[in-house]
Amino acid sequence: MSKLCYCDSLKSFDICCEPFLLGKKSPQCALELMRSRYSAYVLRKGQYLYDTCSPKLKNKEDIESINTQVIDWIGLKVQSFSDNEVVFIAYYKVKNEIMVLKEKSLFIIIDKKIFYDSGQPLSAQINRNETCPCGSGKKYKKCCA
Ligand SMILES: [Zn+2]
Ligand SMILES: [Zn+2]
């Protein structure tokens, strides 16, 4: 049985983000690219993140810092998307604390390929009554809070 993709698509990894990360397919829309970039963060694929950002964001040093990051990404929720914009919430763990990041990502098409162009942080917090992002199935307040 193949495992579910990291990006919350509910598809299996080998037909979802893996072909993008392996360079066998290119994302066709902002949502596919955003999801695959999230999976790249989970798997510490700095090169992929570098390759899929627009020229103005390219910075060689990023590859190394992503590949050696100490945080663990534990979940993604896409909130809304359009042709060039995705709003998402991502959860990550630092030591034993769960943190949340909400961002509006903007994408740009250059020569028929889509790239990540900029991100605008939005405020977010974990609701105490929501299901814990760690995947335990318990309420957050009774789990990792
Ligand atoms: Zn995926
Ligand atoms: Zn938990």
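Criteria and cut-off values
Residues numbered from 1 in each chain as written. Chains lettered and ligands numbered in written order. Predicted model: local features only at pLDDT ≥ 70, side-chain atom pairs only at ≥ 80, totals over all residues. Heavy atoms only, no water. Helix = DSSP H or I, 4+ residues; strand = E, 2+ residues; numbered from the N terminus. Contact = heavy atoms within 4.5 Å. Pairing = 2+ DSSP bridges. Axes fitted to C-alpha atoms, helices over the stretch in contact; angles between N-to-C directions. Donors = N, O, S within 2.8 Å, 3.2 Å for Na, K, Ca; no water. Buried < 20%, exposed > 50% of the residue type's maximum accessible area, 1.4 Å probe, protein only. Tetrahedral: all angles 85-135°; square planar, octahedral: opposite > 155°, others 65-115°. Polar contact = N/O pair within 3.5 Å; in protein donor to acceptor, adjacent residues only side chain to side chain.

(A) Quick peek at the environment of S26. Examined against the element boundaries, S26 turns out to sit in the loop between α1 (18-21) and α2 (30-42). For S26 and S36, which are ten residues apart along the polypeptide, the C-alpha to C-alpha distance reads 9.9 Å. Discounting chain neighbours no more than four positions away, the residues touching S26 are F20, E32 and K113.

(B) Fine view of the sheet that holds strand β1 (residues 72-81). Across the sheet, four strands lie side by side as β1-β2-β3-β4; this open sheet has antiparallel pairing. The open sheet has two edge strands with one neighbour each: β1 and β4 (113-122). If you compare each strand with its neighbour and ignore which way they point, the axes differ by 30° on average. Summarising the sheet, β1 and strand β2 (residues 85-94) pair through eight bridges and their orientation is antiparallel.

(C) Quick peek at the coordination of the zinc ion (ligand 2). Within the first shell, the zinc ion (ligand 2) binds the protein through C132 (SG), C134 (SG), C143 (SG) and C144 (SG), at distances of 2.2 to 2.3 Å. Sequence positions of the donors to the zinc ion (ligand 2) reduce to the motif C-x1-C-x8-C-C. In this pair, C134 sits in the segment after β4 while C144 sits in the segment after β4, placing the two residues ten residues apart along the sequence. With relative accessibility at 22%, the residue C144 sits in the partly exposed group.

(D) Inspection of the coordination of the zinc ion (ligand 1) at higher detail. With distances of 2.2 to 2.3 Å, the protein atoms coordinating the zinc ion (ligand 1) are C5 (SG), C7 (SG), C16 (SG) and C17 (SG). For the zinc ion (ligand 1), the four donor atoms in the first shell make angles of 102 to 114° at the metal, so the coordination geometry reads as tetrahedral. Donor residues for the zinc ion (ligand 1) sit on one chain with the sequence pattern C-x1-C-x8-C-C.

(E) Region of interest: the side chain of E130. Secondary-structure assignment places E130 in the segment after β4. One polar contact links E130 to Y91, side chain to side chain, over a distance of 3.2 Å. Contacts of E130, omitting those with residues within four sequence positions, involve K77, Y91, K138, K139 and Y140.

(F) Expanded view of unusual backbone geometry. Of note, L10 is a non-glycine position whose phi angle comes to about 65°, a positive value. Positionally, L10 belongs in the segment before α1. Residue K112 is not a glycine yet carries a positive backbone phi of 70°. Mapped onto the secondary structure, K112 falls in the loop between β3 (97-110) and β4. For K112, a relative accessible area of 83% translates into the label exposed.

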